[in-house]
Each structure stands twice: as C-alpha cells, then as structure tokens.
Amino acid sequence: MATAASATSALGPYLDCIRVTLTAAMCLQNFASQEVERHNKPEVEAGKNVELLLKPILIARNEKEKFLLEGSINSLRISICVKKSDDLDEILSKKFMRFLAQRAENFVVLRRKPITGYDISFLVTNFHTEIMFKHKLVDFIVTFMEEIDKEISEMKLSVNGRARIVAQTYLQAFLK
Amino acid sequence: GINAEYGGIKHFLFDNSTTTMALDISRLAVSVTVHAWDQDKTRIAVSPNNSEVHIYSRNSSGEYVLEDMLLEHDSIVTGIDWGHKTNRIVTCAQDRNAYVWKFEDGKWKPTLVILRINRAATKCKWSPKEDKFAVASGANLVSVCYFEQDNDWWVSKHIKKHRSTVLDIDWHPNNILLATGSSDGKARVVSAFVRGVDNREDIPKSGTAFGSKLPFGVLLKEIDGIGGWVHTVKWSPSGNRLGFTSHDSTVHVLECGSTTHKHHNTRYNGLPFRDFVWVSENSLIAVGHDCNPALFSTDGNSVSFVSLLDQVEQQKKAGGGTARSMFENMVDRGSSGAGDSENTLPTKHQNCIVSICGFGGSPTKISQFSTAGLDGNVVIWSLDNLKSSLKITVA
C-alpha cells in the first residue's frame, strides 16, 4: 500500500494517517435497510441501527484542522475542517466550500451540506466503491485536502494583490 | 443460446510458464456479487450486481457462453446456490423473495417460495441432502424452507434468535444444524430440524457436539468475543470445526468435534474478509477487500496465516522494459497503455472479491477454486500450482 509523501512535509504524517484510516473504513458492502423494506439507504446517514455504525474517528492536526470519519456497513461520511488563520481565510474558505458543495452532483462523492462544525463533507457509499477503484477514491480525498490549502493561500494572495492595486489606482486621483 | 448484447466477454489466458496459478480470468459482467457452479463445473450461475441471474456454460478451454438469463427478481440478487444432487438452483434477492429453479425442456423454470419475510434476503443455501434450504434475511431471522407435497409449494419456518441482519448461513453435514453470522457481531449455531423432512434417526444416539435435544429453532450456541460484523460462516468438511470471519480482519475457528468447544482466532494484517472456503480439514482460503486470496491453516490449537496467493505476477511485472510491460498489460488486463498500469491493482481482481467456491478436487482436498469479485472477474485458480510456485504446504 503506497503512502504518498505530500509536498508539504508538515502535512505528511497527517495525510498518511488519513490515507490508512480511509482505506480501512472504505470496506463497504451492499446492505438493504433493516428499517424499511425494499429500501437501501446509507446507514451512516440513516443512523437508526447502532450495531451497523462504526465508532467515529477524529484525526486532528490542531484544534482548527480536523478530519472526522464516520463509518458504517455500507457508507462512509468524511468531514473536513480546513486551516483558517485569519478572517480573510474564513470568508474565502466558506465561499469556496459553498461553491463546491452546490455542485455536489458533479463530484459524485461530495455531500451537499457539511456536517455542523465542519467546512465540507463527503459521502461514499458501497455503490461508489463498486464502480470506482478504492485506492483512487482515497487518493482523491487526500489530494483534495492538499489542494484546498494551496488554493486558499493563492486566493488570499490574489485578493490582497487586487486590493493593493485598487487602492493605488483610487488614491492616484488625489495625488497632484 | 443468447449472446450478442453480452458479447463483451473478455477472456484472458495467462501465458503459460510451468506454473500458471490462475487457470483463467474472465470478466463476465461489470460487477459480480455471487456465483455458483453446477455439479460437473461446466455451468456457472452469476449475478451481475442487479436483479438478473445469468447462466453461462464453460467449456474445457475456459470459454464462457451465455446460456440463459433468469429474470424473476425485482431487485439485487444476493444469493445463488446450485444443488448438485438435484440440479436445482435457489436464488434470493433484496425484494424479499426466493425462487427455486428447475431445468425443464431446455429452460430454467421458477417456483416462488413463500418466505414470509418483510425485509431483504441476504443469502440462501441448500442443505446437504437438498431437501430443504435456508435463507438469511434483514428481518433478523433465517427462513428454513421445505417442499410441501400436498400444496405443491415451498413453505418456510422461521428461526428468530438474531438481533440484527443475518449475513451468512451454512449447513452442518448432518443436515440439521445451521450456523449463522450476523451484523450484531455474533455467530450462532441453531437447529433446523424440520419434522416431516428430517428423521430422529439422523441425530446420533450420543447426541451432536451441540446437544441431543434439537427442536426446530433452538439456539444451541451463541459465540461471543467477536469484534465486528460476522461476514461469513462455514463448517469444515467433517463438521468438526466452524470457521467464521469478522469485520475486524479476524479469522475465527471454533473447534467443535466434541461437546467441549474451543474458540481460536488470528488477526490478519490487512482488510476484512468477505468469504472463505475450507480447502481441507485444516486449511481455508479467505477472500475480501484486499483483492487477494489468503491461505490460513489451523491445527486444533490455533489458527495462523500462511500466505497471500496472488503474488507471483507482481514479481514478474517488476522486471522488463517499459515496452514489454506495456504489451504484458495489454495481454493480461486488456488495458491500452502504461497510463492504466498506475490505476490498476497488481492483483488479478481489481475490486473486492466477494465470493469463493471450490472448483476441483474433493471437499476434503480442494485442488482448484474459483473467485468472483465486484470488478466482474471470475478467476479460476489452481491450488496445486500455487503450492509449488509459492512453496507453501496446505495442511
């Protein structure tokens, strides 16, 4: 099982731990609902039968960056809290996550609403693992987490850059 | 026969050096959930992860031809068992129904079984004498069905005793005891003695290892100490051992040759197993989310992991230039180039293996076995070749 070292060495152990936990939790199987006949629901969302749910696992890098994994016999819910160092980061990440979540159908495994207390959530069901490679799904989630940080930093830089240009151009008018 | 629309049957024969451990790999569907062979292993019934059951015939050179499609079910077929003595197939599905199929006039004809369950069925198995069969269900019970001659239909009796979905069942060779595995984390042994079908004389005078009073539905043993859902239970060929696997990647064996029982287990260092088969009285091969069959052996005092069986090809792929490995990829996996080799797994199965059956040899000494997985591949393995190429002994 390959453990990819991430670009930022600081994130390495965090992402390795997530990768291993995800691989173990993604052992899903088709399971018809015990509550409603002829139904097939993701048990982690239905939550009615305790024996079908696994203990949630929280992997936290610090109190701001967290990764919650709730597993069950046929589905897996992943919730992520991204790093937000200041107010601008908070606004950017909130808007970015909302943008992604509203297009959840295109991402297939994305959940439309994040779990309370988290920025974004995924729902992986046995139907996804049947048609997709499991190790690629895990790769997707881990790469997603790496990319989010990069994207938000880039956005912050570009926001600050644009703000500076706007301010300069505006104040030019007041110079003799 | 019917073909054409299912003409996309890819068939790969491994280039035969002296040791071909996989006799052939065939992709019979996008995804296969259950498979069952007939008596002489020339026909296979598979379910391609939907409500259909496909019957293929396999000739000696390993080519599959679609013969028939059994289309009675409304939702995903979860269990198929082919009775070798009577040549009847029993199928069950998530639509709460089971059908018994008989081959008449060149076609398979279904008979509905009155299961009286109000949730999905998860597995079905003929008893050793094939006069009854058991169906496990999400209604937390097992339905034991037998044929009522007067009314000309199959009727059922329920075994409750479970607190969650029953995931697997297996009949003891004595045609009376039934082992069950459930998602409440327990394995159980219950009695499925049906008056009118079974005789009191079938129970030995000294009693079975689980007692001599065996009225229908009585819970004879509830096995604790299992850390997770019990995915599969199987009696060893003699019935003196009961093996089962749980979701914490543990393989358990209950020694039950006498009335004192001993429970051994071993934790496997990988992903959980979904199914296994006893290849002899002392060895079993388990398959699951690692996509790699694993051999375990037991000696009465412990269970231990011996070896993973899908290994040799990885070493072969390591050497050789890129051009050669590209062509090997095209031959072996039908993929078009080097790009695909990063995505595909090095094992024969590309997704979880969900089903394993003995294919050749006798039940006490299986020489070949077949596996089916969610990647749609049905692979037939030669245990004899594996033994020599991996230098392992099967006890």
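Quick note: structure is the one above.
Residues numbered from 1 in each chain as written. Chains lettered and ligands numbered in written order. Predicted model: local features only at pLDDT ≥ 70, side-chain atom pairs only at ≥ 80, totals over all residues. Heavy atoms only, no water.

Asker: For this particular structure, what's the right way to read the packing of aromatic side chains?
Answerer: Within a pair of aromatic rings, the relevant descriptors are the distance that separates the centres and the angle that separates the planes. Residues and elements named next belong to chain A. This model, assessed by the stated rule, comprises 21 aromatic pairs over all chains. Ring geometry for F122 versus F140: centroids 6.2 Å apart, planes at 90 degrees, classification edge-to-face. Linking F122 in strand β4 (residues 120-125) with F140 in helix α6 (residues 134-172), this pair joins segments that are 18 residues apart in sequence. Given the relative accessible area of 1%, F122 is considered buried. Residue F140 is classed as partly exposed on the basis of its relative accessible area of 30%. (Phe/Tyr/Trp six-rings, centres within 6.5 Å; stacked < 30°, edge-to-face > 60°. Helix = DSSP H or I, 4+ residues; strand = E, 2+ residues; numbered from the N terminus. Buried < 20%, exposed > 50% of the residue type's maximum accessible area, 1.4 Å probe, protein only.)

Asker: Before we go on, may I ask you to explain a nonpolar patch on the surface in this structure?
Answerer: The grouping of Y170, L171 and F174 of chain A at the surface amounts to a nonpolar patch, some 380 Å² of accessible area in total. Structurally, L171 of chain A can be placed in helix α6. (Patch = residues over 30% accessible without salt bridge, like charges linked within 9 Å, V, L, I, M, F, W, Y side chains within 5 Å. Areas by Shrake-Rupley, 256 points an atom, 1.4 Å probe, with all protein chains shown as cover. Salt bridge = Lys/Arg side-chain N within 4 Å of Asp/Glu carboxyl O.)

Asker: When you look at the interface of chain B and chain A in this model, what are you seeing that I'm missing?
Answerer: Often, the extent of an interface is quoted as the loss of accessible area upon association of its parts. Chain B puts 31 residues into the contact, and the matching count from chain A is 28 residues. Buried area between chain B and chain A, both sides added, is near 2,300 Å², and the carbon and sulfur share of it is 51%. At the junction of chain B with chain A, the criterion picks out one salt bridge. Put simply, R96 of chain B and E37 of chain A hold a salt bridge, and the shortest N to O gap is 3.1 Å. For the pair chain B and chain A, the number of links is 13 residue pairs in polar contact (both at pLDDT 80 or more). Residues that form the side of chain B that touches chain A fall into these classes: eight nonpolar, 15 polar and eight charged. (Contact = heavy atoms within 4.5 Å. Buried area = accessible area lost by both parts, 1.4 Å probe. Polar contact = N/O pair within 3.5 Å; in protein donor to acceptor, adjacent residues only side chain to side chain. Nonpolar A, V, L, I, M, F, W, Y, C, P; charged D, E, K, R; others polar.)

Asker: Please clarify how the sheet that holds strand β18 (residues 219-223) of chain B should be interpreted in this entry.
Answerer: All names here are of chain B. If you trace the four strands from one edge of the open sheet to the other, you get β15-β16-β17-β18, paired in antiparallel fashion. Bordering the open sheet on either side are β15 (166-171) and β18, each of which pairs with just one other strand. Within this sheet the neighbouring strands show an average axis-to-axis angle of 20 degrees, counted without direction. (Pairing = 2+ DSSP bridges. Axes fitted to C-alpha atoms, helices over the stretch in contact; angles between N-to-C directions.)

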